[in-house]
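# A closer look at the structure
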Amino acid sequence: PAGVAVHSSQGLDHLSTAGIRGSDIWTNTAPSSLATLLAERGEERSVSGLRQIVSFGGGGFSMEAGNPLLDRFVLELTGKERPRVCFLPSASGDADHYVVRFYRHFPADRCEASHLSLFRRERAPVDPAEHLLAQDLIYVGGGSVRSLLGVWRAHGIDEILREAWERGVILCGL
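In this report, we go over the structure that sits alongside the text. (Residues numbered from 1 in each chain as written. Predicted model: local features only at pLDDT ≥ 70, side-chain atom pairs only at ≥ 80, totals over all residues. Heavy atoms only, no water.)

### Quick notes on the nonpolar core
Judged by nonpolar contacts, the single largest core of 20 residues is most densely connected at V54, V74 and Y139. A total of five residues in this core trace back to one element, the largest contributor, which is helix α4 (residues 69-77). (Core = buried A, V, L, I, M, F, W, Y, C linked by side-chain atoms within 4.5 Å. Buried < 20%, exposed > 50% of the residue type's maximum accessible area, 1.4 Å probe, protein only. Helix = DSSP H or I, 4+ residues; strand = E, 2+ residues; numbered from the N terminus.)

See the structure below:
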């Protein structure tokens with residue numbers, strides 16, 4: 001999809017050594033397209049087996065309510081029929097309207113949605129690390145990067161997200 005960068009722990013250099021050009025990735029919009037390219041080249045890895053960070057240059061539920069393509073894309077990357085998805089609205093100060101929009105666009109029939117509030121701890125899971133590490137996808141909302149980094153560091157979320165990524169949890173967001 002336009003405005004999306006998919007980063008993996010293998011990097012594009014690894015994909016090009018498998019005979020896959022960067023243009024193959026950017027022009028194919030479905031995760032299955034990358035899986036198909038890998039399969040055609042004899043690779044047995046699945047897209048969901050890669051460590052991935054998907055950065056949006058805009059779009060998604062928070063910016064294009066009528067266009068679910070980016071959100072559908074990241075859900076499909078998990079390879080799960082009903083993935084566990086946690087929204088981190090930290091950059092917006094855990095704005096209520098942002099959290100409500102998340103739940104509207106990630107309904108129970110598509111995924112098991114949750115959010116982690118760091119500014120309003122009474123709404124947060126008891127153990128943020130346990131909760132985040134149990135997810136298939138962590139979706140980071142947009143807003144103030146300065147606020148986000150400060151609150152993440154104060155609660156150790158930056159280190160938890162790295163561990164989640166190392167375990168194969170897909171990270172995405174604005």
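### Points about the pattern of salt bridges
Applying the stated criterion across every chain yields a total of four salt bridges. Taking the shortest distance from any N to any O, the salt bridge between K80 and D136 comes out at 2.7 Å. Taken together, the positions of K80 in the loop between α4 and β3 (84-88) and D136 in the loop between α6 (128-133) and β5 (137-140) put the pair 56 residues apart, joining distant regions of the chain. Overall, K80 belongs to the partly exposed group, its relative accessible area being 43%. Of the charged contacts in the structure, one is a salt bridge between R84 and D136, with a shortest N-O distance of 3.3 Å. Separated by 52 residues along the polypeptide, R84 in strand β3 and D136 in the loop between α6 and β5 bring together distant segments of the chain. Take D136: its relative accessible area is 10%, and that puts it in the buried class. Within this structure, K80, R84 and D136 form a network of salt bridges that share partners. (Salt bridge = Lys/Arg side-chain N within 4 Å of Asp/Glu carboxyl O.)

### Describing the pairing of β5
Neither face of β5 is exposed, since L137 and Y139 on one face and I138 and V140 on the opposite face are all buried. Across four bridges, the pairing between β3 and β5 is parallel. The residue bridging L88 from the neighbouring strand is V140, located in β5. (Pairing = 2+ DSSP bridges.)

### Topic: the packing of aromatic side chains
All chains considered together, the criterion is met by seven aromatic pairs. Taken together, a centroid distance of 6.1 Å and an interplanar angle of 70 degrees make the contact between F87 and Y139 edge-to-face. In this pair, F87 sits in strand β3 while Y139 sits in strand β5, placing the two residues 52 residues apart along the sequence. Here the two residues F87 and Y139 agree in accessibility, since each one is buried. Taken together, F56, F87, Y98, F102, Y103, F106 and Y139 form an aromatic cluster joined through their ring pairs. One Lys or Arg, R51, reaches over the ring of W165 and ends 5.3 Å from the middle of that ring. Over the aromatic face of F106 sits the side chain of R110, whose NZ or CZ is 5.8 Å from the ring centroid. (Phe/Tyr/Trp six-rings, centres within 6.5 Å; stacked < 30°, edge-to-face > 60°. Lys NZ or Arg CZ within 6 Å of the ring centre and 35° of its normal.)

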